[in-house]
Amino acid sequence: MSEGESNSVRRRTFLKGSAGALAAAVAGCVGRGDEESATAANRQTVHNNCWICRASCGQEVVLEDGEAVDLTGVDGHPKASAGAGTEGTLCSKGLAQLDKTYNPNRITRPYIREDGDLRAADWDEAITYAAAQLETFSEEHGPEKLLRYQGYPLGGDFHDLLFRDLYGAPLQVGRKTTCHGPFSDSWEWMAGYGREWPDWKNSEFMIAWGRNPMESFRGQWEPKAIMETIEENDATLVCIDPRYTKTAEIADVWIPIEPRTDGALALAMGHVIIEDELYDEAFVEEWTYGFDAYRDAVADKTPEWAAEITDVDAEVIRQLAVGFAEAAPSSVAFPWTGLAFQGNGFKNCQNVHALNGLVGNIDREGGTRHWQSGFSLADPFEERGLDVPANHEDRPTPEYDDYPYQRHIRDLSHNAVPTAVDRGDIRGFVNNWSAPLKSGNSDAWAEALEAMDLVITVDAFWSGVSRRADVVFPAASTLEQPFLDAGGDGSYSESGWVTASNAVIEPIGDCRTDYQIYSALAEELGWGEYFPWEDAAEFYDEQLSGVGLSFDEVAEQSYEIVSDVGYEQWLEDGFDTETGKFQFDLDVVDQYAELAEETGASTAPEWHPPDDDQYGNTRDEEYPLLLTDGFVEQLSRGHCQALDEAVEEYHDRFGFRYEEYDGNLLHINPVDAEPRGIETGERVRVESPDGEVELVAHVYEGVRPGWLFTAAGFGEYSIAPDQAGANIMTMNTERHVEPVSGQTDRNHPVEVAPAGGDGV
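Fair warning: this is a prediction, and the values are worked out from it, not measured in the lab. (Residues numbered from 1 in each chain as written. Predicted model: local features only at pLDDT ≥ 70, side-chain atom pairs only at ≥ 80, totals over all residues. Heavy atoms only, no water.)

*Asks:* Just checking my understanding: could you explain the overall build of the protein for this structure?
*Replies:* Counting its regular elements, the protein contains 25 helices and 26 strands. Against the compact-globule benchmark of 27 Å for 760 residues, the protein has a radius of gyration of 25 Å, which places it among compact chains. The principal-axis extents of the C-alpha atoms in the protein amount to approximately 70 × 55 × 55 Å. Split into buried and exposed, the 760 residues of the protein put 63% on the buried side. Summarising the internal contacts of the protein: among those between residues at least 6 apart in sequence, 74% fall at separations of at least 24. (Helix = DSSP H or I, 4+ residues; strand = E, 2+ residues; numbered from the N terminus. Rg over C-alpha atoms; globule rule 2.2 N^0.38 Å. Buried < 20%, exposed > 50% of the residue type's maximum accessible area, 1.4 Å probe, protein only. Contact = heavy atoms within 4.5 Å.)

See the structure below:
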């Protein structure tokens, strides 16, 4: 799609400032200018929300003759802006929503499998067929053997209402096992809150630890808040990452740490802070548990000790620790997938979280924030006098003694699903907007889907799942259906908010909203009484009545600030932990204490190096390099790889825009490339102990020597029309998991060599 075509995107002014990187982070930002005042009779501006990466950024959408032709962010929106009085913008993924909605590769009608092949069907036929298959499945196997998998549901929780509560399927794959388990499990057990989120805009010292908030964020508020505090608070930004990311570009300090040694660095910082008596003694004394164990754990973890492990200079470690502590409580050390994707990720995350407790920046201005909405929406079922059954609760679930983490999560680990299918514990699968074949153990997952008796998916593009499904329901985008979200993290540090939008265009082809799909299935299965609303908008309207608002009112203005949520919420009732305090030592957490004993780990913070048995594969002479995949600004997991503009922008960033190649790139340092005779643009073979893939090399110094990076979401099983590039999760197997949370470990020892033949 080129600029000038009917549904193209205007490109306009970027935010200015110190930020070449900010401009990149909000790449493709468009604003509102003179065009808006020149609205024609057939032209109007309406509100919508972006859901491509689940951030809910408020959008202004320009319609011409019923077609969406332009997008920008909503000024002041809690997700799309830096707060009140500030411009709203969208990232390149948000802007891709037009391309996604009008994309020619989109699934636009239902399909059902007949005689082994998928064929187009009308809605009545598809709903009737799916309901009959579900009834047969329940009779033959029981609902407990139908696995639920939900990614980014656009239209609310109707997927779980139907399949969990009514149908009675108890098992799902937990997102903690594909995204953030080591990070959020450790934080929840230490601080009693699912996931902390930095109070970026009020911070004075920010450590982005294995996270790249300038391009992988939960809304535009994150990069904008970081830039705002750098400019207004003269705040320090430190980026700890083996990759020179866009966050590293604007950081005061970039630390290209030896991968998977983050826990050692954190312990050494704790050593310095305690030795120099820079910790928050009052907070530690009154509001923490297990400090003695933590102090013992760091007693001999000097910067010199950590320097040998991490390849970070000892003096840099001291300066980092002192700067972080002296800025407290307006400082934050915040890990994410860079650590969560590690086999030793739980301990590394625990060690980083301990630093926040040590300096007392918990739920304080500029520190970590316990984001709360501060209000409750009304329950529409209660309003209607509907007592929704919980038919899943008494269903049997399988036990897995060989998988310690399964004892504390009712959900299944993503990588263990193929084994569950082999054992007969899972016989069917219902999927909603997910790409599980990109999330680990991919080949085994593909075989498992083939072996299942029933696969139903709701999605927008052909993928490894939809191609193997028995029923494919074409889903509407957020432009085509009502939407509601309530915060949560955002640009208003002390406020709760709601954001909403109506459908702004008619669904493309024969696509339908989530509510239409699930209510039709429910009606056919005999549970229609639990979907009495005309549409999702009416359901949301009853939810918002709890805060005295109507859906149309919020949708018209995009968002509303609803409540006040002050800092230091723990002052009133303590922490929601076993001790009521922030817990350095997890010996009081039965779930973890049992796991720690079994795996030989300490319940207190400690250094756990990667190894071949439990905590991640190590490199050796045969496989001397370490390969990881991750997300980049232009592409969201597996959801944008079918979009021409998104892929072109990704390639343009690395000088490949005009090459005849649509896949992901293998970024390799010259130190590793030159001895192997590898040059930029050359096709290379990447081999691990568990398989091999081919990629096109990009030689540059933006990745640490010995470490390789590629963008996730491409290759086999992807939504890319030609499946270009490589899915390195085909080299991932069941054993590649972090042993506490069951999260997929995405670090793989590999060797790389020229593949021969044509490159790009």
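Structure shown, so let's carry the discussion forward.
*Asks:* Where do I start with the UniProt feature "domain: 4Fe-4S Mo/W bis-MGD-type" (unreviewed entry) in the protein in this structure?
*Replies:* As annotated in UniProt, the feature "domain: 4Fe-4S Mo/W bis-MGD-type" (unreviewed entry) corresponds to residues 43-105 in the numbering used here. Between the end C-alpha atoms of residues 43-105 there is a gap of 27 Å, over a span that is 16% helix and 33% strand. (UniProt positions renumbered as here; feature names shortened; annotations may be inferred.)

*Asks:* Which parts of the structure should I look at to understand the packing of aromatic side chains?
*Replies:* Two aromatic rings are characterised by how far apart their centres lie and by the angle between their planes. Throughout the structure, instances matching the rule amount to 46 aromatic pairs. Put simply, the rings of Trp-187, Tyr-279, Phe-283, Trp-287, Phe-291, Tyr-294, Trp-570, Phe-575, Phe-582 and Phe-584 touch in pairs and so form one group of aromatic residues. A cation over a ring is seen here: Lys-301 above Trp-305, with NZ or CZ 5.3 Å from the ring centre. Just above the ring of Trp-371 sits the side chain of Arg-369; from NZ or CZ to the centre is 5.9 Å. (Phe/Tyr/Trp six-rings, centres within 6.5 Å; stacked < 30°, edge-to-face > 60°. Lys NZ or Arg CZ within 6 Å of the ring centre and 35° of its normal.)

*Asks:* Would you mind going over the side chain of Arg-106 with me for this structure?
*Replies:* With respect to the element layout, Arg-106 can be found in the loop between α3 (92-101) and β4 (111-114). Look at Arg-106 and you get buried, because its relative accessible area is 7%. Not counting the four nearest positions on each side in its chain, Arg-106 is found in contact with Lys-100, Thr-101, Ala-460, Phe-461, Ala-475, Ala-476, Ser-477, Glu-480, Ile-508 and Cys-511.

*Asks:* What should I look at first to understand the sheet that holds strand β1 (residues 43-49) in this one?
*Replies:* As a general point, the strands of a sheet are linked pairwise by backbone hydrogen bonds and lie either parallel or antiparallel. Read from one edge to the other, the open sheet built from three strands follows the order β1-β2-β3, with strand pairing classed as antiparallel. Each edge of the sheet is formed by a strand with only one pairing partner; in this case those strands are β1 and β3 (67-73). Shown here is a sheet whose adjacent strand axes are inclined to one another by a mean of 30°, direction ignored. Packed onto the sheet, α3 meets β1, β2 (58-64) and β3 and runs at close to 175° relative to β3. (Pairing = 2+ DSSP bridges. Axes fitted to C-alpha atoms, helices over the stretch in contact; angles between N-to-C directions.)

*Asks:* Would you explain the environment of Ile-250 in this entry?
*Replies:* Note on placement: Ile-250 falls in helix α8 (residues 246-250). Taking relative accessible area as the criterion, Ile-250 reaches 15% and is therefore assigned buried. A sequence separation of 57 residues divides Ile-250 from Tyr-193, and the C-alpha atoms of the two residues are 30 Å apart.

*Asks:* Please clarify how the sheet that holds strand β10 (residues 253-255) should be interpreted in this entry.
*Replies:* As summarised here, the arrangement of the four strands in space is β10-β9-β8-β12, forming an open sheet in which the pairing is parallel. Where the open sheet ends on each side, the last strands, each with one partner, are β10 and β12 (331-335). Looking at each pair of strands side by side, their axes are set apart by 10° on average, direction ignored. Judged from the five bridges that link them, strand β8 (residues 205-209) and strand β9 (residues 236-240) form a sheet pairing that is parallel. Paired with Ala-208 across the two strands is Cys-239, which belongs to β9. Strands in contact with helix α9 (residues 262-275) are β8 and β9; relative to β8, the strand with the most contacts, it is inclined by about 155°.

*Asks:* What am I meant to see in the pattern of salt bridges here?
*Replies:* It is possible for side chains bearing opposite charge to pair when their charged atoms get close. The full count for this structure, using the stated rule, is 36 salt bridges. When the shortest N-O distance is used, the salt bridge between Arg-384 and Glu-538 registers 3.8 Å. Of this pair, Arg-384 sits in the loop between α16 (380-383) and α17 (417-422) while Glu-538 sits in helix α20 (residues 536-544); the two residues are 154 residues apart in sequence, bridging distant segments of the chain. Looking at Arg-384, the relative accessible area reads 34%, which means it is partly exposed. When the shortest N-O distance is used, the salt bridge between Asp-425 and Arg-423 registers 2.8 Å. (Salt bridge = Lys/Arg side-chain N within 4 Å of Asp/Glu carboxyl O.)

*Asks:* What is the right way to read unusual backbone geometry from this model?
*Replies:* Cis geometry is found at the peptide bond from Ala-328 to Pro-329, where omega equals 5°. Residue position: Pro-329 is located in the loop between α13 (314-327) and β12. The step from Gly-487 to Gly-488 runs through a cis peptide bond, and the omega angle for that step is -25°. Mapped onto the elements, Gly-488 comes out in the loop between β17 (483-486) and β18 (495-501). With phi around 85°, Ser-558 is a residue other than glycine that occupies positive phi space. Tracing the backbone through its elements, the reader meets Ser-558 in the loop between α21 (551-557) and β19 (559-564).

*Asks:* Sorry, what's going on with helix α6 (residues 181-191) here?
*Replies:* Every α-helical turn comprises 3.6 residues, leaving residues that sit three or four positions apart pointing alike. The element α6 is extensively covered by neighbouring structure, given that 10 of its 11 residues are classed as buried. For α6, the complete set of buried residues consists of Gly-181, Pro-182, Phe-183, Ser-184, Asp-185, Ser-186, Trp-187, Trp-189, Met-190 and Ala-191. Tucked into the core, α6 has its buried residues touching β12, α14 (337-340), α15 (345-359), β13 (368-369), β20 (582-583) and α23 (590-599). Taken from the residues just after α6, Gly-192 is the one with a positive phi, measuring 75°.

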